[in-house]
Amino acid sequence: MVEDIEYQEALKKLKKYGQEHLLCRYESLDDEKKEKIINQIKNIDFDQTIELFNIANKSIKKIDGEISSIEYVDKSKLSKEQYEKYYNIGKKEIEQGKYAVVTMAGGQGTRLGYVAPKGTFKIGGGVEKSLFEALSDTIKEARNKFNAKIPWYIMTSRENNNATEKFFEKNDFFGMPYEDVKFFKQGELPMLDTEGKLMLDETGVIKLSADGHGGVFESLVKNGYLEDMKKRGIEWVFISGVDNVLAGLVDPIAVGLAITEGTLATGKSVVKRSPSENVGVFCKRNGKPYVIEYTEITEEMANARDDKGELLYGESHILTNLFNIKALENIAQNKLPYHKAFKKAKYMDANGEIIKPEKPNAYKYEAFIFDAFESLNSMSILRVKREDEFAPLKNAEGEDSPNTATQLYINYMERKTKGLID
Ligand code: UTP
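Treat the numbers as computed from the prediction; the structure is a model and nothing was measured.

Peer 1: Can you explain the nonpolar core? Please cite residues and give values.
Peer 2: Within the largest apolar cluster, 63 residues are counted, with the highest numbers of intra-cluster contacts made by Leu23, Ile37, Val102, Val216, Phe217, Met229 and Ile239. Sequence-distant contacts of isoleucine 239, that is, excluding residues within four places in its chain, are made with Val102, Met104, Val216, Phe217, Leu319, Thr320, Asn321, Phe323, Leu328 and Ile369. Counting residues in hydrophobic clusters, the runner-up holds 41 residues, among them Phe238, Leu249, Leu257 and Val384.

Peer 1: Residue-level account of the sheet that holds strand 19 (residues 362-366), with values.
Peer 2: The 3 strands are arranged 9-19-16 in an open sheet whose pairing can be described as antiparallel. Here the strands that pair on one side only, and so sit at the sheet edges, are strand 9 (192-193) and strand 16 (339-343).

Peer 1: With reference to specific residues and values, describe the site of the ligand.
Peer 2: The immediate surroundings of the ligand are formed by 20 residues, with Gly106, Thr110, Arg111, Gln186 and Lys394 found nearest. Within the side chain of threonine 110, an N or O atom sits 2.6 Å from an oxygen atom of the ligand. Protein coverage of the free-state accessible area of the ligand, which is 560 Å², stands at 87%. Tallied by class, residues from the shell around the ligand come to 6 nonpolar, 9 polar and 5 charged.

Peer 1: Lay out the side chain of lysine 75 in plain terms, naming residues and giving numbers.
Peer 2: Along the chain, lysine 75 turns up in the loop between strand 2 (73-74) and helix 4 (80-95). Given the relative accessible area of 17%, lysine 75 is considered buried. At 2.9 Å, the side chain of lysine 75 and the side chain of aspartate 251 are in polar contact. The residues contacting lysine 75, other than those within four sequence positions of it, are Tyr83, Asp251, Ile253, Lys268, Leu382, Arg383, Val384 and Glu389.

Peer 1: Tell me about the packing of aromatic side chains, and please be specific about residues and values.
Peer 2: All chains considered together, the criterion is met by 22 aromatic pairs. Here phenylalanine 168 and phenylalanine 173 contribute two aromatic rings whose centre-to-centre distance is 5.8 Å and whose plane-to-plane angle is 70 degrees, an arrangement assigned as edge-to-face. The residues phenylalanine 168 and phenylalanine 173 share a single accessibility class, namely buried. An aromatic cluster is built from Phe132, Trp152, Phe167, Phe168, Phe173, Phe174, Tyr178 and Phe183, whose rings are joined through pairwise contacts. The aromatic ring of tyrosine 26 is capped on one face by lysine 34, whose charged end is 5.5 Å from the ring centroid.

Peer 1: I'd like a description of the packing of helix 1 (residues 4-16) against helix 2 (residues 31-43), backed by residues and values.
Peer 2: Look at helix 1 against helix 2: their axes get within 10 Å of each other, and the N-to-C directions meet at 45 degrees. Taken together, helix 1 and helix 2 sit at an angle that is classed as oblique. Helix-helix and strand crossings are classified by hand; for helix 1 and helix 2 the assignment is left-handed. Across the interface between the two elements, Glu6, Tyr7, Ala10, Lys13 and Leu14 of helix 1 pack against Ile38, Ile41, Lys42 and Asn43 of helix 2. For the contact of helix 1 with helix 2, a count of residues per class yields 5 nonpolar, 1 polar and 3 charged.

Peer 1: Give a detailed account of helix 1, specifying residues and quantitative values.
Peer 2: The end-to-end C-alpha separation of helix 1 is 18 Å, in line with the 18 Å expected for 13 residues at 1.5 Å each. Of all the positions in helix 1, only Tyr7, Ala10, Leu11 and Leu14 are classed as buried. The buried residues of helix 1 all sit within an arc of 100 degrees when viewed along its axis, so they share a single face. Exposed and oriented more than 90 degrees from the buried face of helix 1 are Ile5, Glu9, Lys12 and Lys16. Taken from the residues just after helix 1, glycine 18 is the one with a positive phi, measuring 65 degrees.

Peer 1: Account for the pairing of strand 11 (residues 236-241), naming residues and giving values.
Peer 2: Looking down a regular strand, the side chains alternate between one sheet face and the other. The element strand 11 is largely enclosed, with a buried count of 6 among its 6 residues. Residues Trp236, Phe238 and Ser240 of strand 11 are buried on one face, and the alternating residues Val237, Ile239 and Gly241, pointing to the opposite face, are buried as well. As judged from the 6 bridges shared by strand 3 (residues 99-104) and strand 11, these two strands associate in the parallel manner. When the bridges of strand 11 are listed, alanine 100 appears paired with valine 237. Where strand 11 lies against strand 15 (residues 315-324), 5 bridges are found, and the strand directions are antiparallel.

Peer 1: Account for the pairing of strand 12 (residues 265-271), naming residues and giving values.
Peer 2: Of all 7 residues in strand 12, 6 are buried, a share of seventy percent or more. Relative to strand 15, strand 12 runs antiparallel, the two being bridged by 6 bridges. In the sheet register, threonine 266 faces strand 15, and the bridge partner there is leucine 322. Two elements, strand 12 and strand 20 (residues 380-383), share 4 bridges in a ladder whose sense is parallel.

Peer 1: Pulling in residues and values, what's your account of helix 4?
Peer 2: Taking 1.5 Å of rise per residue, 16 residues should cover 22 Å, and helix 4 covers 21 Å from first to last C-alpha, within 8% of that figure. Among the residues of helix 4, those classed as buried are Tyr86, Tyr87, Gly90, Glu93 and Ile94. Mapping the buried residues of helix 4 onto a view down its axis gives an arc of 125 degrees, with all of them on the same face. Residues of helix 4 that are exposed and angled more than 90 degrees away from the buried face: Lys80, Glu81 and Lys92. If you follow the buried residues of helix 4, they end up packed against strand 3, helix 5 (131-146), strand 11 and helix 9 (252-261). Following helix 4 by one or two positions, glycine 97 adopts a phi angle in the positive range, close to 75 degrees.

Peer 1: How would you explain the pattern of salt bridges if you had to name every residue and give the values?
Peer 2: Where charged atoms from two side chains of opposite charge come close, those side chains can pair. Tallied over the full model, the rule gives 36 salt bridges. Arginine 143 serves as the salt-bridge partner of aspartate 180, at 3.1 Å between the closest nitrogen and oxygen. Residue aspartate 180 is located in the loop between helix 6 (161-170) and strand 7 (181-185), and its partner arginine 143 is located in helix 5; the two are separated by 37 residues in the primary sequence. A residue is classified by how much of its surface remains accessible, and arginine 143, at 15% relative accessible area, is buried. In the salt-bridge network here, residues are joined through shared partners; they are Asp74, Lys77, Glu310, Glu315 and Arg383.

Peer 1: Got a sec to walk through unusual backbone geometry? Specific residues and values, please.
Peer 2: Positive phi is not limited to glycine here, since isoleucine 150 has a value of about 50 degrees. One non-glycine residue, phenylalanine 174, adopts positive backbone phi at about 50 degrees. Mapped onto the elements, phenylalanine 174 comes out in the loop between helix 6 and strand 7.

Conventions adopted
- Residues numbered from 1 in each chain as written.
- Predicted model: local features only at pLDDT ≥ 70, side-chain atom pairs only at ≥ 80, totals over all residues.
- Heavy atoms only, no water.
- Core = buried A, V, L, I, M, F, W, Y, C linked by side-chain atoms within 4.5 Å.
- Buried < 20%, exposed > 50% of the residue type's maximum accessible area, 1.4 Å probe, protein only.
- Contact = heavy atoms within 4.5 Å.
- Pairing = 2+ DSSP bridges.
- Helix = DSSP H or I, 4+ residues; strand = E, 2+ residues; numbered from the N terminus.
- Near = heavy atom within 4 Å.
- Polar contact = N/O pair within 3.5 Å; in protein donor to acceptor, adjacent residues only side chain to side chain.
- Areas by Shrake-Rupley, 256 points an atom, 1.4 Å probe, with all protein chains shown as cover.
- Nonpolar A, V, L, I, M, F, W, Y, C, P; charged D, E, K, R; others polar.
- Phe/Tyr/Trp six-rings, centres within 6.5 Å; stacked < 30°, edge-to-face > 60°.
- Lys NZ or Arg CZ within 6 Å of the ring centre and 35° of its normal.
- Axes fitted to C-alpha atoms, helices over the stretch in contact; angles between N-to-C directions.
- Parallel < 35°, antiparallel > 145°, perpendicular 65-115°, else oblique.
- Left-handed = near helix turned anticlockwise from the far one by under 90°.
- Expected span 1.5 Å × (residues − 1).
- Arc of directions from axis to C-beta.
- Salt bridge = Lys/Arg side-chain N within 4 Å of Asp/Glu carboxyl O.

Here it is in structure tokens:
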């Protein structure tokens, strides 16, 4: 039961920020929702929402600072000696139980248009494996190969956490020991309408949405999993999305490269298909590692080539990055910037009616993982083969769809069976 004093305090807070409309449906809510909305009001940082709204009114960020290209190492072009050197350094770390994997699975998968958590989506073509199962296979194989634990941390969202955990239970955690699979929910931020007002969701409480894959650092800390990693002696944490079935989750070369180059992170890249491909690319900004988004890069930069004829800005960021635990600790101490997106958002109006807008009506705020790179002084970049490590599942049809991801997975497995991949 909500005490009257708690209600009055919540109302006072809302009045201070001009958001008292949020309690207009209060009397029609059941006790559980009344408690929920009062708690939400207590916990929301309304000063932050004002700041967020101000971002929403600014124009798209232009690249400021001095941009230069970043050095990379091409995994497929390493000499036998170089390969073995990196491999053995990395192998030792993994064998000593210093390696963990984080899978970010908190996204909504809007473009795929699949209602359940994206990780439960089955790739077809006779494979009939969910993304989670395929990723778990990669981890289990590495656990055997390196005879090491390799714990798996899975970031979910408020919306898909229960369904994700149930899916793992139903599938007996795909044979992974329960104690080595941990789920944690990512953070959320309020969505704002075009006037900067918070909104009610279909159930009459404040409408929140996931804070983007950049929320992974903060939520690892908040949920106690950075501490858990430290207790386990983890030094290297590989972080990637759930929607790349070929992600090379356990990579001794990435570790060996970072150690050899004295960096605290290795970002994996694949070569841009063409100068105009819509992908973010690794570069340096004011000498620090950075990813320029395709909306920011100029045509001249996108087409620039080095003396070997390679694109100067051709190393696509594919959301597969390895971090040293010290880097994660440092990054988590500072807030990443939020990016705005204008979206269609269902909401409850003051009369209790559910409005399904035909056009975008609300701002959603997200942090991006690559905004953390700038806080690292340097970063190693490991170019990998697209066909070996990148099979994104984004759209229902066409590019990066179930068909393309499945085909890439099948081709990869065939090459593996023939012993063409280690
Ligand atoms: P995307 O940005 O491609 O988003 O996420 P998405 O949710 O999968 O798909 P759309 O844009 O709604 O169609 C890349 C990866 O980051 C994770 C996703 O689960 C995916 O693995 N992610 C994204 C999160 O974990 N949390 C977020 O808030 C956003």
